[in-house]
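Each chain, letter by letter, is given below.
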Amino acid sequence: MSIAANISVPIIWVLGGPGSGKGTMCDKMVAKYGLVHLSSGDLLRNEVSSGSARGKELSAVMERGELVSRQIVLDLLKEAIMSNAASAKGFLIDGYPREKEQGELFEQQIGAVTIVLYIDAADDTLVKRLLGRALTSGRADDNEETIKKRLHTFHTHNDAVLAAYESKTKRIDSEPAPEVVFKQIELHLDPIFK
């Protein structure tokens, strides 16, 4: 069942490789446009920490190193969107979809994406940024070998998403300073949120 008819505000997918600056840009978009920022990773972590029955199931799946089903991730997004639908000016969906099929399911069950912002940087830049982050983050996945695997996985799936949504995708060069990157985003979002 689709709930698309209930979503009358823009839906923005924010895609980009690990270290591209998606989080930084989402923070800036929330501050300027008053959008609701949803990250599938945050929603999963919140569900696990809630101690709910679904959270316990998710925890077990992740502890086994398995991927959480597409439908559960979509259900979490759908619930978050519906709980904010009455007051939201728009939705930023951060790092989702990761695969073309996820995008198709999202549009079938939730609503059509308005615009896809692809926060793009060269792999060398992403590796440098993530290695720099590793010095302070303490994240086990911020080492060069793991980073290169993550980038390979990202490109394998992301390229299909970008191809499927080419007409709605805006490439944002995230090599320059964050203020310069955000100016590119404003060029695309200002007309939507005038």
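Structure first, text after, so check above.
Summarised in this report is the structure supplied together with it. (Residues numbered from 1 in each chain as written. Predicted model: local features only at pLDDT ≥ 70, side-chain atom pairs only at ≥ 80, totals over all residues. Heavy atoms only, no water.)

1. Remarks on the overall build of the protein chain
So, point 1. Looking only at helices and strands, one finds 8 helices and 5 strands in the protein chain.
So, point 2. The N-to-C order of helical and strand elements in the protein chain reads β-α-β-α-α-α-β-α-β-α-α-β-α.
So, point 3. Taken against the 2.2 N^0.38 rule, which gives 16 Å for 194 residues, the C-alpha radius of gyration of the protein chain at 17 Å falls within 12% of a compact globule.
So, point 4. Oriented by its inertia axes, the alpha-carbon framework of the protein chain measures out at about 45 × 45 × 30 Å.
So, point 5. Within the protein chain, contacts between residues separated by at least 24 positions form 76% of all contacts whose residues are at least 6 apart in sequence.
So, point 6. Counting 24 positive and 27 negative side-chain charges, the protein chain places the averaged centre of each group 3 Å from the other. (Helix = DSSP H or I, 4+ residues; strand = E, 2+ residues; numbered from the N terminus. Rg over C-alpha atoms; globule rule 2.2 N^0.38 Å. Contact = heavy atoms within 4.5 Å. Lys, Arg positive; Asp, Glu negative; His and termini not counted. Charge placed at Lys NZ, Arg CZ, Asp CG, Glu CD.)

2. Looking at the sheet that holds strand S3 (residues 91–94)
So, point 1. Taken together, the 5 strands give an open sheet; going across it, the order is S2-S3-S1-S4-S5, and neighbouring strands pair in parallel fashion. One side of each edge strand has no neighbouring strand; the edge strands of this open sheet are strand S2 (36–39) and strand S5 (169–173). Across the sheet, the mean angle from the axis of one strand to that of its neighbour is 25 degrees, orientation sign disregarded.
So, point 2. Both strand S1 (residues 11–16) and strand S4 (residues 115–120) contribute to a ladder of 5 bridges, which runs parallel. Paired with Val14 across the strands is Leu117, a residue of S4. (Pairing = 2+ DSSP bridges. Axes fitted to C-alpha atoms, helices over the stretch in contact; angles between N-to-C directions.)

3. Digging into the pairing of S1
So, point 1. S1 sits mainly inside the fold: 6 of its 6 residues count as buried.
So, point 2. Relative to S3, S1 runs parallel, the two being bridged by 4 bridges. When the sheet's bridge partners are listed, Trp13 is paired in S3 with Ile93. (Buried < 20%, exposed > 50% of the residue type's maximum accessible area, 1.4 Å probe, protein only.)

4. Let's talk about the nonpolar core
So, point 1. Trp13, Leu38, Leu77, Ile81, Ile93 and Phe106 are the most contacted members of the largest nonpolar core, which has 30 residues in total.
So, point 2. Secondary structure elements with two or more residues in this core: S1, S2, helix H2 (40–50), helix H3 (53–63), helix H4 (70–84), S3, S4 and helix H7 (144–164).
So, point 3. The greatest single-element share of this core, amounting to 6 residues, is contributed by H4.
So, point 4. If near-sequence neighbours (up to four positions away) are discounted, Phe106 is found in contact with Ile11, Trp13, Leu74, Leu77, Ile81, Ile93, Tyr96 and Gly111.
So, point 5. Counting 16 residues, the second-largest nonpolar core is a separate cluster that includes Leu92, Ile119, Val181 and Ile185. (Core = buried A, V, L, I, M, F, W, Y, C linked by side-chain atoms within 4.5 Å.)

5. As for helix H5 (residues 100–109)
So, point 1. Among all positions in H5, only Gln102, Gly103, Phe106 and Gln109 are buried. Looking straight down H5, one finds its buried side chains confined to an arc of 145 degrees; they lie on one side. (Arc of directions from axis to C-beta.)

6. A closer look at the packing of aromatic side chains
So, point 1. By the definition in use, this model includes 5 aromatic pairs.
So, point 2. Both rings, one in Trp13 and one in Tyr165, keep their centres 4.9 Å apart while their planes meet at 80 degrees; by these two values the pair is edge-to-face. Of this pair, Trp13 sits in strand S1 while Tyr165 sits in the loop between H7 and S5, and the two are 152 residues apart along the sequence. The same class applies to Trp13 and to Tyr165, which are both buried.
So, point 3. Both rings, one in Tyr96 and one in Phe106, keep their centres 6.0 Å apart while their planes meet at 50 degrees; by these two values the pair is tilted. Placement of the pair is Tyr96 in the loop between S3 and H5 and Phe106 in helix H5, with a sequence separation of 10 residues. For the residue pair Tyr96 and Phe106, the accessibility class agrees, reading buried in each case. (Phe/Tyr/Trp six-rings, centres within 6.5 Å; stacked < 30°, edge-to-face > 60°.)

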